[in-house]
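Chain residues, written in single-letter form:
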Amino acid sequence: MDRFEHITTAIANDPYAASQGFVLGEVTDDTVTVEMTVRDDQVNFLGGTHGGVLHSLADCAFSLASNAHPEDAVAIDTHLAITSPSGVGERLSAIAREETLGRSLATYRVDVTRADGRTVALFTGTVFRISSD
């Protein structure tokens, strides 16, 4: 199975991603993009996109990118910094990029942006790569 097929199969079999309205966007040799449109049930009491939703969107892209290799990868650390507001009806994209790839660890950066290109959040994550040996 090639990288694209592996990623499309993974998101198709992710019930949480489906329940949140996450859809696969562009997949390149260097990036994996996951997109969503913010719903009424995904905002906090101030009317902004809930931080948990932003984290989940970024985490989904991170998971797909880190598991696009033959080895399974599990998150061991993640961090999210919210930099701008977003709200109901806005289209968000989480673009994951591999920063480092080692034998047992790999790190990723995910930029979450609005349709106007403004950055909403910055996410970093580290995975442990499970050897098939």
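Just so we're clear, the structure is a prediction, and the values are computed from it rather than from any experiment.

Chemist: Could you give an account of the sheet that holds strand E4 (residues 91-101), with specific residues and numbers?
Modeler: Pairing between the strands of a sheet is mediated by backbone hydrogen bonds and can be parallel or antiparallel. Sheet architecture is open: six strands sit in the order E1-E2-E4-E5-E6-E3, paired in antiparallel fashion. If you trace the sheet from one side to the other, it starts and ends with strand E1 (23-27) and strand E3 (72-82), each paired once. Direction aside, neighbouring strands of the sheet carry axes that sit 25 degrees apart on average. Summarising the sheet, E3 and strand E6 (residues 119-130) pair through 10 bridges and their orientation is antiparallel. Following the sheet pairing, Val-74 is matched in E6 by Phe-128. Of the strands in this sheet, E1 and strand E2 (31-37) are in contact with helix H1 (residues 3-12), which crosses E1 at around 165 degrees.

Chemist: Outline a nonpolar patch on the surface, listing residues and values.
Modeler: On the surface, Val-74, Ile-76, Leu-105, Phe-128 and Ile-130 cluster together into a nonpolar patch covering about 410 Å² of accessible area. When residues of the nonpolar patch are traced back to their parent elements, those giving at least two are E3 and E6. Structurally, the position occupied by Phe-128 is in strand E6. Using a relative accessible area of 37% as the deciding quantity, one classes Phe-128 as partly exposed.

Chemist: I'd like to hear about the environment of Asp-72, residue by residue, with values.
Modeler: Note that Asp-72 resides in strand E3. Residues Asp-72 and Ser-131, spaced 59 residues apart in sequence, show a C-alpha to C-alpha distance of 7.6 Å. When sequence neighbours within four positions are dropped, the list of residues in contact with Asp-72 reads Asn-67, Phe-128, Arg-129 and Ile-130.

Chemist: Let's hear about the side chain of Asp-111: which residues, and what values?
Modeler: With respect to the helices and strands, Asp-111 occurs in strand E5 (residues 105-114). At a separation of 2.9 Å, a polar atom in the side chain of Asp-111 contacts the side chain of Arg-109.

Chemist: Provide a residue-level description of the pattern of salt bridges, including the pertinent values.
Modeler: Going through the model one piece at a time under the given rule, you end up with six salt bridges. With a closest N to O distance of 3.5 Å, Glu-90 and Arg-114 form a salt bridge. Residue Glu-90 is located in the loop between E3 and E4, and its partner Arg-114 is located in strand E5; the two are separated by 24 residues in the primary sequence. On the accessibility criterion, Glu-90 (26% relative accessible area) is partly exposed. Note on Arg-114: relative accessible area 14%, which makes it buried. Close ionic contact of Asp-111 with Arg-109 constitutes a salt bridge, the shortest N to O distance being 2.9 Å. Ionic contacts of the salt-bridge type, sharing partners, join the residues Glu-90, Arg-114 and Asp-116 into one network.

About the cut-offs
Residues numbered from 1 in each chain as written. Predicted model: local features only at pLDDT ≥ 70, side-chain atom pairs only at ≥ 80, totals over all residues. Heavy atoms only, no water. Pairing = 2+ DSSP bridges. Helix = DSSP H or I, 4+ residues; strand = E, 2+ residues; numbered from the N terminus. Axes fitted to C-alpha atoms, helices over the stretch in contact; angles between N-to-C directions. Contact = heavy atoms within 4.5 Å. Patch = residues over 30% accessible without salt bridge, like charges linked within 9 Å, V, L, I, M, F, W, Y side chains within 5 Å. Areas by Shrake-Rupley, 256 points an atom, 1.4 Å probe, with all protein chains shown as cover. Salt bridge = Lys/Arg side-chain N within 4 Å of Asp/Glu carboxyl O. Buried < 20%, exposed > 50% of the residue type's maximum accessible area, 1.4 Å probe, protein only. Polar contact = N/O pair within 3.5 Å; in protein donor to acceptor, adjacent residues only side chain to side chain.

So yeah, pure geometry; function would need other evidence.
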